[in-house]
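Commentary on secondary and tertiary structure
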Amino acid sequence: MTKLQAKKSDMPTTILAIESSCDETAVAILRYDGGVAEILSSEISSQIDIHREFGGVVPELASRNHSLHLRPLIEIALKNSGVAIDNIDAIGATAGPGLASSLLVGNSTAKAMAMAIGKPFISINHMEGHLLSPFMNRMTLEPNLALIVSGGHTMLIHMKAFGEYSLLGSTRDDAAGEAYDKVGKMLGLPYPGGPEIEKQACEGSIQAFKFPRSMLNDGLDFSFSGLKTAVLYQLEKLDPKQGQAPTDAIPDLCASFQQAVIEILVTKTMRAATQCGEKTISLSGGVSCNRALRNAMQKSCDEMGYELLISPPEVSTDNAAMIAFVALQRHLRGMQSSFHEDINPNLALV
Ligand code: KG4
Ligand code: ZN
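A quick note: this is a predicted structure, and the numbers were derived from the prediction, not measured.

Rules behind the numbers
Residues numbered from 1 in each chain as written. Chains lettered and ligands numbered in written order. Predicted model: local features only at pLDDT ≥ 70, side-chain atom pairs only at ≥ 80, totals over all residues. Heavy atoms only, no water. Donors = N, O, S within 2.8 Å, 3.2 Å for Na, K, Ca; no water. Tetrahedral: all angles 85-135°; square planar, octahedral: opposite > 155°, others 65-115°. Helix = DSSP H or I, 4+ residues; strand = E, 2+ residues; numbered from the N terminus. Buried < 20%, exposed > 50% of the residue type's maximum accessible area, 1.4 Å probe, protein only. Near = heavy atom within 4 Å. Polar contact = N/O pair within 3.5 Å; in protein donor to acceptor, adjacent residues only side chain to side chain. Domains from an automatic or database assignment. Expected span 1.5 Å × (residues − 1). Contact = heavy atoms within 4.5 Å. Buried area = accessible area lost by both parts, 1.4 Å probe. Salt bridge = Lys/Arg side-chain N within 4 Å of Asp/Glu carboxyl O. Nonpolar A, V, L, I, M, F, W, Y, C, P; charged D, E, K, R; others polar.

A closer look at the coordination of the zinc ion (ligand 2)
Here the zinc ion (ligand 2) is held by His126 (NE2), His130 (NE2) and Asp318 (OD), and the distances to it run 2.0 to 2.1 Å. Each of the 4 donor atoms around the zinc ion (ligand 2) contributes to a set of angles spanning 95 to 133°, which defines the coordination as tetrahedral. Mapping the donors of the zinc ion (ligand 2) onto the primary sequence yields the spacing H-x3-H-x187-D. Highlighted residues: His126 in helix α4 (residues 126–132) and Asp318 in the loop between β12 (307–310) and α10 (321–332), separated in sequence by 192 residues. According to the relative accessible area criterion, Asp318 is buried, its value standing at 18%.

Thoughts on the site of ligand 1
Of all residues adjacent to ligand 1, which total 20 residues, the nearest are Gly151, Asp181, Glu198, Asn290 and Asp318. Contacts to ligand 1 include Glu198, whose side-chain N or O atom sits 2.7 Å from a nitrogen atom. Within the side chain of Asn290, an N or O atom sits 3.0 Å from a nitrogen atom of ligand 1. Those elements giving two or more residues to the shell around ligand 1 turn out to be α4, α5 (176–186) and α6 (193–201). The two domains that each donate at least three residues to the shell around ligand 1 are domain 1 (3–137 + 315–332) and domain 2 (144–311).

Some points on α10
Over its 12 residues, α10 runs 16 Å from end to end, which matches the ideal 16 Å to within 8%, given 1.5 Å per residue. Counting buried positions along α10 gives 12 out of 12 residues, so the element sits mostly inside the fold. Residue Gly334 follows α10 closely and has a positive phi angle near 75°.

Description of the domain arrangement of the protein
For the protein, the domain assignment lists domain 1 (3–137 + 315–332) and domain 2 (144–311). On a C-alpha basis, the centroid separation for the pair domain 1 and domain 2 is 27 Å. The partner domain 2 presents 25 residues to the 22 residues of domain 1 that form the contact. Between domain 1 and domain 2 the total buried area reaches about 1,800 Å² when both faces are included, carbon and sulfur atoms providing 73% of it. Considering only the surface of domain 1 that becomes buried against domain 2, Met127, Leu131 and Ser316 emerge as the three largest contributors, covering 32% of it. Summed over the shared surface of domain 1 and domain 2, the result is 0 salt bridges. Applying the counting rule to domain 1 against domain 2 returns 6 residue pairs in polar contact (both at pLDDT 80 or more). Those elements giving two or more residues to the side of domain 1 that touches domain 2 turn out to be α1 (48–52), α4 and α10. When residues of the side of domain 1 that touches domain 2 are assigned to their parent elements, the largest contribution, 5 residues, is made by α4. Its residues placed into classes, the side of domain 1 that touches domain 2 shows 11 nonpolar, 7 polar and 4 charged.

Some points on the side chain of Thr280
Mapping Thr280 onto the fold places it in strand β11 (residues 280–284). For Thr280, a relative accessible area of 10% translates into the label buried. In contact with Thr280, other than residues within four places in its own chain, are Glu142, Pro143, Asn144, Leu145, Glu307 and Leu309.

Details of the pattern of salt bridges
Applying the stated rule across the entire model yields 14 salt bridges. Notably, a salt bridge pairs Glu263 with Arg213, separated by 3.0 Å at the nearest N-O pair. With Glu263 in helix α8 (residues 250–276) and Arg213 in the loop between α6 and α7 (225–238), this residue pair connects regions lying 50 residues apart in the sequence. Classification of Glu263 as partly exposed rests on a relative accessible area of 30%. Through salt bridges with shared partners, one network takes in Asp174, Glu178, Lys182 and Lys228.

Pasting the structure below:
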């Protein structure tokens, strides 16, 4: 078990972090004191309404809006936390993976701030933010089998300790969240599809349509593109001319699609846990907000006698508190990044 190591004289430590990898501009301030990490402020300026009319994220619009919103958001985060800029001990920022032009805005701003106040800059992998988010309310980072399910990634990771990660499985095509978003678009639901499909699924039957569970019995990798295509074919059957779902079929389509995704995610997670021998499972990323997924994962973990840690909903979708938490871990271990360290849109975690 990796304890959050107390700094030399156990002095409180305050981290400011910036996240701008996609379409959320986010700033958070985290205080570590007496072995406990507390989020003092976590501000998010979402661009969902701006990108909704395009049915997905438009990179140039995203970076322009990060530029517009970041500075006021930093001021709000400082004000709400009651921390003066001079009392920040280190500044963290996402360096990747994500959209290059979006990453550059947050990352460059963080470097400039760190230089101006003479404090360390810490470059953070966005996926490590998701990975550690289920541990934000704890004092220890336990070894665990992690499922990260977001809009860009679906990963099974064996976390042995802080910084010791091995990738056991990932998606060969679409990420789970991406499948939700694409199916949502096909069904004419607003972007992002995940929360909308979850809402519709509550009114539908999981048995209404039989959708494929690709690679269910085969290893630890995922494939969601066949499932997405199966929903498209079903739509064409329901309305051959338009390929659009009759309104009354939408809840059943959503429930049956969601059930297939959940069954795949839960089955592979349990298989990975058996394989690596961990009895603690962690669940993070935007899709982990989904209540049906959380319930199904909890049920399987209870049956297997595993402990399940799920990131709190407010740190499941993109946010800067999870970036600050990883920056804190590095800072407590005396790690910092060079100002020459570049962003990397394809930054790998393992
Ligand atoms: O982690 P995140 O905010 O951003 C990335 O790093 O990608 O995840 C966003 C993804 C989107 O695909 C969104 O549709 C999905 O998470 N999502 C959900 C739910 N809330 C967000 N998917 C299913 N059910 C939800 N309740
Ligand atoms: Zn994310």
